Structure formats: C-alpha cells, structure tokens
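The primary structure of each chain is shown beneath.
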Amino acid sequence: MMKIFLIVLACIILAWLVYSFFRRRTKLPATRLCFLCGGESGYGYSEVVKDVKRVRPICRKCLISQLENDYSNFSGRAVVIQPVSGPPCYAFHSIRDWSKSFKNSKIDDDVRSYLLRMDTTCQDCGQRANFLWIGSSGLTKYNFGNVLRKGFAETLLPMNPPPISLCRRCCVRRIAKKLEEEGITYLEVHAPKGAEDGFVMPMAQ
Ligand SMILES: [Zn+2]
Ligand SMILES: [Zn+2]
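Residues numbered from 1 in each chain as written. Chains lettered and ligands numbered in written order. Predicted model: local features only at pLDDT ≥ 70, side-chain atom pairs only at ≥ 80, totals over all residues.

Undergrad: Residues and numbers for the overall build of the protein, please.
TA: Looking only at helices and strands, one finds seven helices and eight strands in the protein. Put simply, the protein has 205 residues, and 34% of those count as buried. For the protein, the share of sequence-separated contacts (at least 6 apart) that also reach a separation of at least 24 residues comes to 74%. (Helix = DSSP H or I, 4+ residues; strand = E, 2+ residues; numbered from the N terminus. Buried ≥ 20, exposed ≤ 12 C-beta atoms within 10 Å, placed from the backbone. Contact = placed C-beta atoms within 7 Å.)

This is how it looks when you write it as structure tokens:
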C-alpha cells in the first residue's frame, strides 16, 4: 500500500515538474511580444500612467503609429536629435524638468535659444513647424553625456548640417526612416507629451 502511494506521489511530482518547465518555456518569449499587435517586439515604449512609468514591448510598426499620435498631440515645440544606434533610449525631456534636475547641464539653454529663433515653416512640406531637427553624426553611447553637459551647439552642430524646421508629420516620418533604414532599436522610446517645450535625444535614462 505504502509503495503504491509513493509511486503515485512521485508521478504527481514529476508531472508537476514537467508542467512547470514547459510553462516557463512558453511564458518567457510571450513577455517580449508587442503589447498592441502581439507581433515580435524590437523596442520598448515608455508611458506614464498615474505617475508610474512603465516600459512596454512594442514592434516597429506599432511604435511608429504611436509616435505619429504622440507627436501630433504634443502642443509644445522640441529640438529632435536624429536617431542613432548606440545609446539605449530615445527620450523626450521638457526644458523645465531638465533644468530643475540637472543644474550644470547646458543643453536646456541651447534648446531654449534655438527654439526661440527657429523657422516656423516645415522644410519638407511647408506646413507649420514645431520641431527643430538636428543631425546626430558623431553622437555615440560614450559621448551623449558630453552633449547633455555642454549642449549641442558646441558638440554636435560643427559636425552636422544646419538644423531644419519640421512639422509633426515630417518629423515622425524622418524618425521612422532612420529606424527602418539603419535598423536602429531602443530599449525605451519616450515621446513628447503635453505642452512644454523640450528635446528628444538618443541617451541613457
Ligand atoms: Zn505591434
Ligand atoms: Zn512637414
């Protein structure tokens, strides 16, 4: 009797082990699927819900349509530094929050002064421009901190074509083109939100 009991118990434990092994294996990749379409994700999309920031996996196609939404709902203006591979994030920061947190950084001064004198006509389509596009040649995962500290006027502009003004649609189109053509991915993409002026740049959070 005792023997049968032990055999049954062993079978139950074995069955449970097999079950949990397969469950874990099928569960792991599921956490990296796009939260919108269920496809394979290559990016993280960061959103703030009730003051809590969360990063959700997203595929490139859904990311681009989210960005189209976010950039057209944003009512401020922003300097947008062209995507480049290397830094893990592509994030928006408002000038106000940035200058409060990083007193020794000069990028907010550059953003303020360049937005103040930017051309308000989109160079690609002639509509009203809210974004100032800046090239990212020379920007790497090692020196983005330097750009944040010293500003882009002294570090990036000498190595890049002059900044150009873009409307919301043309700005997202250029971001999408860069991501597609160069296969650039980001662990976290945080788009402009609200009405405060700011900047978008490849960096670490
Ligand atoms: Zn998707
Ligand atoms: Zn345009």
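Undergrad: I'd like to hear about the nonpolar core, residue by residue, with values.
TA: If you look at the biggest cluster of nonpolar residues, it comprises 46 residues, and the most contacted ones within it are Val79, Val80, Phe131, Leu166, Cys171 and Val200. Among all residues touching valine 79, those that are not within four sequence positions of it are Val111, Tyr114, Leu115, Leu132, Ile134 and Phe199. (Core = buried A, V, L, I, M, F, W, Y, C linked by C-beta atoms within 7 Å.)

Undergrad: How would you explain the environment of valine 84 if you had to name every residue and give the values?
TA: If you trace the backbone, valine 84 turns up in the loop between strand E3 (78-81) and strand E4 (89-94). Take valine 84: there are 20 C-beta atoms within 10 Å of it, and that puts it in the buried class. As a C-alpha pair, valine 84 and threonine 185 span 101 residues in sequence and 9.0 Å in three-dimensional space. Contact partners of valine 84, with chain neighbours within four places excluded, come to Ser136, Leu139, Ile184 and Pro202.

Undergrad: Which residues make up the pairing of E4, and what are the values?
TA: Here E4 lies mainly inside the structure; five of its six residues are buried. Relative to strand E7 (residues 188-190), E4 runs parallel, the two being bridged by three bridges. The residue bridging alanine 91 from the neighbouring strand is histidine 190, located in E7. (Pairing = 2+ DSSP bridges.)

Undergrad: Residues and numbers for the pairing of strand E2 (residues 52-58), please.
TA: A regular strand carries its side chains on alternate faces of the sheet. Strand direction decides the pairing type here: strand E1 (residues 43-49) and E2, joined by seven bridges, are antiparallel. Among the inter-strand pairings, glycine 44 is bridged to a residue of E2, identified as proline 57.

Undergrad: Mind laying out helix H7 (residues 168-182), listing which residues take part and the relevant values?
TA: Taking 1.5 Å of rise per residue, 15 residues should cover 21 Å, and H7 covers 21 Å from first to last C-alpha, within 8% of that figure. Listed in full, the buried residues belonging to H7 are Arg168, Cys170, Cys171, Val172, Ile175 and Leu179. Looking at the buried side of H7, the elements it contacts are helix H2 (60-73), E3, strand E5 (131-134) and strand E6 (164-166). Remark: glycine 183 follows H7 within two positions and exhibits a positive phi of approximately 55°. (Expected span 1.5 Å × (residues − 1).)

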